[in-house]
Amino acid sequence: MGFQSQVLPEYVCKLRKVLYGLKQAPRAWYGKISEFLVYNDYSVAPSDSSLFVKAKGQIVRSGEGIFLHHHKYSRDLLKRFGMYNCKPISMPMELNAKLCGHEGKGLEDATVYRQLVGSMIYLTLTRPDLSFAVGVMSRYMQNPKKPHLEAAQRILRYVKGTLGQGVIYKRSGGNTLAGYCDADYAGDCETRRSTTGYVSMLGCGAVSWCSKRQPRVSLSTTEAEYRAAAMATQESTWLVQLLKDLHQPTEYSILCTVTTCQQYVWQKIQCFMLEVSILKCITILSRRKFSREM
């Protein structure tokens, strides 16, 4: 219904200038809100122009730390899609499961599938363990099949067995920033593109995570792992600058580790980096894409 005045309920607001729908609308709104925030002693973070910081001393918290979760949202999600009484499982996806977009019977109403996957995407804000499975399901939003719906319902069964999980940030966790990454090789059945996965840890708590299909086809496992390492390095570079903007003391010993079943893969990547100076290329790419000071 919108805003209604308690003094003059019969009055309406007069539109003085239209912003919505114009190409310059986002810039105009950003200029207006940034002017207000800067006037109230906020400063724009160099690492992210949409982040405004106001430092007013140290915030003291009691207890062991902070625990972020979506317990109520998860239960409501199970009830909404009729999976509250389902049998829980311990894995969101079957091992070595391969889904294709053209196999299986089409759904009569794809709206339910899109609503389910969209709701689970929001759940990944506090559930890094769901990022890969939900990311795979989101690839088939346009034309989902019955196997895709069954795989999405399997994720709900996993959620049922892990309702109490989330992300915890302990007071005694330390302030060391570490990044871990991994990649599969040609895991997508249709495009044969690999999938990058990384997580950035601040102390003992995860602060950033992602599971994303790589933009190009990798010709080897070494190339797929290198692309994952490059993406994790970019994220770590941005997080270091972001923590500086938030006035948080951090140990800047970034550990970018590739975890694979075959340990020699990372050794190949290191040799590849030394031969063609890939480490220098990663640094340049990270600064160009994420540093606002350049």
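As the structure is a prediction and not an experimental result, all values here were calculated from the model.

Caption draft 1: Representation of the packing of aromatic side chains in the model. Tallying each qualifying case throughout the model produces two aromatic pairs. Pairing Y30 with F52 gives two aromatic rings, centres 6.2 Å apart and planes at 40°, and the pair type is tilted. Residue Y30 is located in helix α1 (residues 25-39), and its partner F52 is located in strand β2 (residues 48-53); the two are separated by 22 residues in the primary sequence. Judged by relative accessible area, which is 17%, F52 ranks as buried. Taking the centre distance of 5.0 Å and the plane angle of 70° together, the rings of Y73 and Y122 count as edge-to-face. Highlighted residues: Y73 in helix α2 (residues 71-80) and Y122 in helix α3 (residues 111-123), separated in sequence by 49 residues. Here Y122 falls in the partly exposed class, since its relative accessible area comes to 41%. Above the ring of Y84, the side-chain terminus of K79 is found at 5.3 Å from the ring centroid. Sitting over the ring of Y84, K160 keeps its end group 5.4 Å from the ring centre.

Caption draft 2: Here's a closer look at unusual backbone geometry. Of note, the phi angle at N96 is positive, near 60°, even though the residue is not glycine. Along the polypeptide, N96 turns up in the loop between α2 and α3. By relative accessible area, N96 is classed as exposed at 72%. You will see that A186, though not glycine, has its phi angle at about 55°, which is positive. Mapped onto the fold, A186 is located in the loop between β5 (177-183) and β6 (195-202).

Caption draft 3: Spotlight on α3. The end-to-end C-alpha separation of α3 is 19 Å, in line with the 18 Å expected for 13 residues at 1.5 Å each. Among the residues of α3, those classed as buried are Y113, L116, V117, S119, M120 and L123. For α3, the angular spread of buried residues about the axis comes to 160°, placing them on one side. Those residues of α3 that are buried are in contact with α2, α4 (131-137) and α5 (146-161).

Caption draft 4: Representation of the nonpolar core in the model. One finds Y113, L116, M120, L130, M137, I155 and L156 to be the most contacted residues of the largest nonpolar core, which totals 27 residues. Listing elements by their share of this core, those giving two or more residues are α2, α3, α4 and α5. Among the elements that take part in this core, α5 stands out by supplying seven residues, more than any other. Apart from the residues lying within four places of it in its own chain, the contact partners of L130 are P92, L123, T124, I155, Y158 and V159. Within the second largest apolar cluster, seven residues are counted, among which are C181, Y198, A228 and A229.

Caption draft 5: Focus on the environment of Q153. Checked against the element boundaries, Q153 lands in helix α5. Separated by 40 residues in the primary sequence, Q153 and Y113 place their C-alpha atoms 9.4 Å from one another. Ignoring anything within four residues of it in the chain, the contact list for Q153 reads M83 and L116.

Caption draft 6: Focus on the pairing of β6. The pairing of β5 with β6 spans seven bridges and is classified as antiparallel. If you follow D182 over to β6, its bridge partner there is G197. With eight bridges joining them, β6 and strand β7 (residues 205-213) adopt antiparallel strand pairing. Bridging across to β7, M201 finds its partner in A206.

Caption draft 7: Layout of the side chain of R127. Positionally, R127 belongs in the loop between α3 and α4. Within the structure, R127 has its side chain in polar contact with the side chain of D129 (distance 2.9 Å). Side-chain polar atoms of R127 contact the side chain of T162, separated by 2.7 Å. Apart from residues no more than four positions distant in its own chain, R127 is found in contact with Y158, T162, Q165, G166 and W209.

Caption draft 8: Local environment of the packing of α2 against α3. Relative to each other, α2 and α3 sit at 170°, their axes nearing to 11 Å. Looking at the two axes, α2 sits roughly antiparallel to α3. Facing Y73, S74, L77 and R80 of α2, the residues of α3 in contact are Q115, S119, M120, Y122 and L123.

Here is what the cut-offs are and how they apply
Residues numbered from 1 in each chain as written. Predicted model: local features only at pLDDT ≥ 70, side-chain atom pairs only at ≥ 80, totals over all residues. Heavy atoms only, no water. Phe/Tyr/Trp six-rings, centres within 6.5 Å; stacked < 30°, edge-to-face > 60°. Helix = DSSP H or I, 4+ residues; strand = E, 2+ residues; numbered from the N terminus. Buried < 20%, exposed > 50% of the residue type's maximum accessible area, 1.4 Å probe, protein only. Lys NZ or Arg CZ within 6 Å of the ring centre and 35° of its normal. Expected span 1.5 Å × (residues − 1). Arc of directions from axis to C-beta. Contact = heavy atoms within 4.5 Å. Core = buried A, V, L, I, M, F, W, Y, C linked by side-chain atoms within 4.5 Å. Pairing = 2+ DSSP bridges. Polar contact = N/O pair within 3.5 Å; in protein donor to acceptor, adjacent residues only side chain to side chain. Axes fitted to C-alpha atoms, helices over the stretch in contact; angles between N-to-C directions. Parallel < 35°, antiparallel > 145°, perpendicular 65-115°, else oblique.

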